[in-house]
Amino acid sequence: MCEATAYILRNGQEELLLPDVDLIEPEEDGLLRLISIFGEQRVVKADFLRLNLADHKVILKET
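As the structure is a computational prediction, the values presented were derived from the model and not from experiment.

Chemist: Tell me about the overall build of the chain, residues and numbers included.
Modeler: When its secondary structure is counted, the chain shows zero helices and five strands. Scanning the chain from its N terminus toward the C terminus, one meets helices and strands in the order β-β-β-β-β. Against the compact-globule benchmark of 11 Å for 63 residues, the chain has a radius of gyration of 11 Å, which places it among compact chains. Its C-alpha atoms give the chain principal-axis dimensions of about 30 × 25 × 15 Å. Per-residue burial for the chain yields a buried fraction of 25% across its 63 residues. Contacts in the chain between residues far apart in sequence, at least 24 positions, make up 28% of those at least 6 positions apart. Taken as a whole, the chain presents about 4300 Å² of accessible surface, with 48% of it coming from carbon and sulfur. Averaging the positions of the 7 positive and the 13 negative side-chain charges in the chain gives two centres separated by 6 Å.

Conventions and cut-offs
- Residue indices begin from 1 for each chain and proceed along its sequence in written order.
- The predicted nature of this model means local features are confined to residues of pLDDT at least 70 and side-chain atom pairs, given and counted, to a pLDDT of 80 or more, with totals for whole chains, interfaces and linings taken over all residues.
- In computing side-chain values, all of the structure's heavy atoms are included and hydrogens and water are not.
- The numbering of helices and of strands both runs from the N terminus, where a helix is a DSSP run of H or I of at least 4 residues and a strand a run of E of at least 2.
- Two things to know: the radius of gyration comes from C-alpha atoms, and the globule rule equals 2.2 Å times the number of residues to the power 0.38.
- Relative accessibility under 20% of the residue-type maximum defines a buried residue, over 50% an exposed one, and the middle range a partly exposed one, all with a 1.4 Å probe and only protein chains included.
- We call two residues contacting when some pair of their heavy atoms lies within 4.5 Å.
- A 1.4 Å probe and the Shrake-Rupley method give the accessible areas. Residues count as covered only by the protein chains that appear here.
- Positive charges are assigned to Lys and Arg, negative charges to Asp and Glu, while His and the chain termini are left out of the count.
- A single reference atom marks each charge: NZ on Lys, CZ on Arg, CG on Asp, CD on Glu.

Structure (structure tokens):
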């Protein structure tokens, strides 16, 4: 499986945001829409911090 787990960096700690992320789309006003393979969605105001393809991990930084 190629899905990733998305985390958001808050107060120096990685917090689970959404598992099994299949798609990340930019929205207006600096928002990112994350969609899982199960159709679950999260919209957050964040920037990309790190993408680790080997570990299937996306780290976002809250803005």
